[in-house]
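Per-entry structural report
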Amino acid sequence: MLYLRLDNVTLGYGKQVVLRHVSFQAGPGEILGIIGPNGSGKSTLIRGITRIIRPSYGDIFLDGSDLYSLSRQKLAQIVAVVPQNPTLPEAFTAFEVVLMGRTPHLGLLRYEAKRDLDIIKSAMEATHTLALAERRVGELSGGEKQRLTIARALAQEPKIILMDEPTANLDINYQIETLGLARQLSRNKELIVVITLHDLNLAAQYCDRLILLSNGTIYSQGIPQEVINARTIKDVYGAQVCVYPHPVNKLPATLVVSDKEKTARSK
Amino acid sequence: MALESIRSTAVQKRTGYPAQWRSRIFAISALAIILIITIVVTLGVGSTDIPFGTILQILLAKLSISNVQPTWAANMEVIVFDIRLPRLLLAGLVGAALAVAGTTYQGLFRNPLADPYLIGVAQGAALGAVIGFMLPVSWQLGSIPLLAFIGAVSAAAMVYSIARVGKTLPMTTLILAGVAIGAFLAAITSYLMIASGDRLQGIISWLLGSFSLTSWWQVAAVTPYILIGTLVIWLLARPLNVMQLDEEQAQQLGINVEQVKLILLGAATLITAAAVCFCGIIGFVGIIIPHAMRLIWGPDHRFLLPLATLAGAIFLILADTAARTMLAPTEVPIGVITALLGAPFFLYLLRQKKRAVF
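Residues numbered from 1 in each chain as written. Chains lettered and ligands numbered in written order. Predicted model: local features only at pLDDT ≥ 70, side-chain atom pairs only at ≥ 80, totals over all residues. Heavy atoms only, no water.

1. Focus: the overall build of chain A
Selection criterion: Strands here mean DSSP runs of E at least two residues long; helices mean DSSP runs of H or I at least four residues long; both are numbered from the N terminus. Residue burial is assigned from relative accessible area. The probe radius is 1.4 Å, only protein chains are included, and a residue is buried under 20% of its type maximum, exposed over 50%, and partly exposed in between. Residues count as neighbours in contact if any of their non-hydrogen atoms are within 4.5 Å of one another. For the area figures, the Shrake-Rupley method with a 1.4 Å probe applies, and any residue is considered shielded solely by the protein chains shown. Under the convention used here, Asp and Glu are negative, Lys and Arg are positive, and both His and the chain ends fall outside the count. The location of each charge is read from NZ of Lys, CZ of Arg, CG of Asp or CD of Glu.
Summing up its helical and strand segments, chain A has ten helices and twelve strands in all. Summarising its shape, the C-alpha atoms of chain A cover approximately 70 × 40 × 35 Å along the three principal directions. Expressed as a percentage of the 267 residues in chain A, the buried residues total 54%. Intrachain contacts of chain A at a sequence separation of at least 6 include 64% that bridge at least 24 residues. Accessible surface computed for chain A: about 11900 Å², of which carbon and sulfur atoms make up 50%. On chain A, the mean spot of the 31 positive side-chain charges and the mean spot of the 26 negative ones are 4 Å from each other.

2. What about the sheet that holds strand 9 (residues 209–214) of chain A?
Residues and elements named next belong to chain A. We count it as follows: Should DSSP find at least two bridges between two strands, the strands are taken to pair. Interaxial angle, 0 to 180 degrees, is taken between N-to-C directions of lines fitted to C-alpha atoms, where a helix line uses only the stretch in contact.
A sheet is described by the order of its strands in space; here six strands give the open sequence 6-7-8-3-9-10, paired in mixed fashion. The open sheet has two free edges, formed respectively by strand 6 (79–82) and strand 10 (217–222), since each of these has just one partner strand. Neighbour-to-neighbour, the strand axes of the sheet open up by a mean angle of 15°, direction not taken into account. Relative to strand 8 (residues 192–196), strand 7 (residues 160–164) runs parallel, the two being bridged by five bridges.

3. So, the pattern of salt bridges
Operational definition: Here, a salt bridge means any Lys or Arg side-chain nitrogen found within 4 Å of an Asp or Glu carboxyl oxygen.
For the structure shown, the criterion picks out 17 salt bridges over all chains. With a closest N to O distance of 2.8 Å, A:Arg47 and B:Glu248 form a salt bridge. Within this pair, whereas A:Arg47 is found in helix 1 (residues 42–49), its partner B:Glu248 is found in helix 11 (residues 247–252), the two belonging to separate chains. Of the charged contacts in the structure, one is a salt bridge between B:Glu247 and B:Lys261, with a shortest N-O distance of 3.0 Å. On the criterion of sequence distance, the pair formed by B:Glu247 in helix 11 and B:Lys261 in helix 12 (residues 257–279) is long-range, its members being 14 residues apart. Judged by relative accessible area, B:Glu247 falls into the partly exposed class, the value being 28%. Here the salt bridges do not stand alone but share partners, grouping A:Arg102, A:Arg115, A:Asp116 and A:Glu157 into one network.

4. Here we look at the nonpolar core
Stated formally: Working definition of a nonpolar core: buried Ala, Val, Leu, Ile, Met, Phe, Trp, Tyr and Cys residues. They are joined through side-chain atoms within 4.5 Å.
Ranked by size, the top nonpolar core spans 137 residues in total, and within it B:Val94, B:Tyr105, B:Leu174, B:Phe211, B:Ile282 and B:Met293 carry the most contacts. Here the element with the most residues in this core is helix 4 (residues 74–109) of chain B; it accounts for 19 residues. When sequence neighbours within four positions are dropped, the list of residues in contact with B:Tyr105 reads B:Ala114, B:Asp115, B:Pro116, B:Ile119, B:Val121, B:Leu265, B:Ala268, B:Thr269 and B:Thr272. Ranked by size, the runner-up nonpolar core spans 31 residues in total, among them A:Leu154, A:Ile161, A:Met163 and A:Leu210.

5. Re the side chain of A:Thr103
Locating A:Thr103 in the fold gives a position in the loop between helix 3 (94–99) and helix 4 (114–126). Setting aside residues up to four positions removed in sequence, A:Thr103 forms contacts with A:Gln73, B:Arg238, B:Val242, B:Leu253 and B:Ile255.

6. Overview of the sheet that holds strand 4 (residues 57–62) of chain A
Residue and element names in this part refer to chain A. One open sheet accounts for four strands, arranged 2-1-4-5; its pairing is antiparallel. Unpaired on one side and paired on the other, strand 2 (16–26) and strand 5 (65–66) mark the two borders of the sheet. Pairing of strand 1 (residues 4–13) with strand 4 involves five bridges; the strand directions are antiparallel. Following the sheet pairing, Arg-5 is matched in strand 4 by Phe-61. Relative to the sheet, helix 1 contacts strand 1, strand 2 and strand 4, its axis offset from that of strand 1 by approximately 115°.

7. Looking at the interface of chain A and chain B
Just so we agree on the cut-off: Buried area: the sum, over both parts, of the accessible surface (1.4 Å probe) that disappears when the two are put together. The residue classification treats Ala, Val, Leu, Ile, Met, Phe, Trp, Tyr, Cys and Pro as nonpolar and Asp, Glu, Lys and Arg as charged. All others, Gly included, are polar.
In this assembly, 38 residues from chain A lie in contact with 35 residues from chain B. Contact with chain B buries area across many residues of chain A, yet A:Arg72, A:Leu108 and A:Glu134 alone supply 18% of it, more than any other trio. Linking chain A with chain B are four salt bridges, by the criterion used here. A:Glu96 is the salt-bridge partner of B:Arg24, the closest N and O atoms lying 3.2 Å from each other. Residue composition of the side of chain A that touches chain B, grouped by class: 20 nonpolar, eight polar and ten charged.

8. What about the environment of A:Gly143?
Residues and elements named next belong to chain A. Inspection of the secondary structure puts Gly-143 in helix 5 (residues 142–155). With a relative accessible area of 12%, Gly-143 lands in the buried category. Ignoring any residue separated from it by four or fewer positions in sequence, one finds Gly-143 in contact with Asn-169 and Leu-170.

9. Here we look at the packing of aromatic side chains
By convention here, two paired aromatic rings are described through the distance between centres and the angle between planes. Where we set the bar: We call Phe, Tyr and Trp rings a pair once their centres come within 6.5 Å, taking the six-membered ring for Trp, and we label the pair stacked below 30 degrees between planes, edge-to-face above 60, and tilted otherwise. Ring-over charges, as used throughout, are those where CZ of Arg or NZ of Lys falls within 6 Å of the ring centre and within 35 degrees of the ring normal.
Scanning the model with the defined rule gives six aromatic pairs over all chains in all. Between B:Phe149 and B:Tyr225, the ring centres sit 5.1 Å apart and the planes meet at 45°, which makes this aromatic pair tilted. Of this pair, B:Phe149 sits in helix 6 (residues 137–163) while B:Tyr225 sits in helix 9 (residues 216–235), placing them 76 residues apart in sequence. For B:Phe149, a relative accessible area of 16% puts it in the buried group. With relative accessibility at 36%, the residue B:Tyr225 sits in the partly exposed group. Here B:Trp217 and B:Phe278 contribute two aromatic rings whose centre-to-centre distance is 5.3 Å and whose plane-to-plane angle is 85°, an arrangement assigned as edge-to-face. Here B:Trp217 is found in helix 9, whereas its partner B:Phe278 is found in helix 12, with 61 residues between them in sequence. Judged by relative accessible area, B:Phe278 falls into the buried class, the value being 16%. Through a chain of ring-to-ring contacts, three or more aromatic side chains come together here, namely A:Phe95, B:Trp21 and B:Phe303. Residue placement shows A:Arg54 over the ring face of A:Tyr68; its charged tip is 4.0 Å from the ring centre. For B:Arg302, the ring lying beneath its charged end belongs to B:Trp21, and the centroid distance is 5.1 Å.

So yeah, pure geometry; function would need other evidence.
Shown next as structure tokens:
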């Protein structure tokens, strides 16, 4: 069985260290959520797992083999990324952008076969982007582009999918739709899904396990009930919140408390 | 519009392939046929007009496809085969090379203003050629193109090694280093030109570009570079597409970005150097042709590169025909023609399709 394991990993840019001594493991069929304040290193972690930056300390293992023993192409056959704010070339059509997802599976001399086109079609169906296929990327909205990069990641047919804030540009319907798709992929296709999220409620609802990052290291990890409570949120984010069990499934639901309420209550 | 989209989805259902691919493949075949027609027709144009039939017969006889009894004057054969054909083929090769190199640079830099001369190749070639012109006249014939070639390649290599930071090559640094080295080399060239005395005329006409006095050995000398370089670039069309995202995404899609950059820059530089070393610095082709093709047939390099290759060849053959016939027997510098023909057409395209091209 494929798994992803980080062993005491330290990541940074040049001499500036962003993440220290990060260790965790994720297995097939699991959705792992990475939460934490702005600048806590969520995106850096994804860069580390995809070999954009090299750990200055520690190792990352895929299936027992060191990440750096694989070729870039092989790695892209296993790990796909849905980036946060991707630059997409405006003149390309939506179809052509999703087509790029097949790159790791095609050699220099191979053209896309019927099978590749079928994969692209189902990836675009799953993300509701098929109707956009012939539109130019420059004409698409932020949310449409985000769904397009999800389709591209699906076209890679990966074993591990890393999503960096996949819901940031989406309305509530597509947020549910996208995370529902992530859940479906992890359950039906046994993928490892790693998602960074700002929205603590979505994180609690959709992730099997959460890792809370704070000041460049792991503050706590575990099931949502263990990680999200008013004390940890106050500690890590410095924000005053109330956490209640969700009325439907008892998962932690985080409610913000406005300044007005706070002052009213203290009186 | 509506009808077109209905038809294109119908095509998509039948073959599974997008309709655009089909029209682009059709365009490539059409341009290939136009190229052949252009070559045969322009062979007949010039100070001596030679009928179309005679040209075909001469070509067939030369290629020993058919045993035609010569019904034409011997000098016609010399004009067609030894004077016009090599010149025409060199113009075609150079046009193709500059268009491919331009497409590659524009793709690598993700910048519509990039052209084959961006990283010092032209200035290096010019300096090399000018040094060649300073040599004794009897040495010049072979040494000018050789020095131009060496100048072009070493200027690009210098820019590359300055711009390199560790194992990576930031494209912005590359452009800036190219501009700086280019200006430096141009200054030396200008100085040498002032000091060149009566050789100035020859230098200036080389710098403006010309295909006059082309013979077969020149065609033979540049063909391998241009052929191999173009082939290498064509093979890397898909990685070049993926690199239109950004470097991080390209790496995450399995592209070895630094390696692909190095190979593409090397190949584009080599074919540009080969293109300019005999005929001088011909402007405009390398920036306009890629753009025009992108505007009409879209940015997918797998189609764009072959389209630009063919269109570049056709365009420069036509431009050179105009250059040698417009004010015959005086030759108009080909750079003047490329700008005169190309700029209005390009502006027309730009007005037609006001949308993103990258």
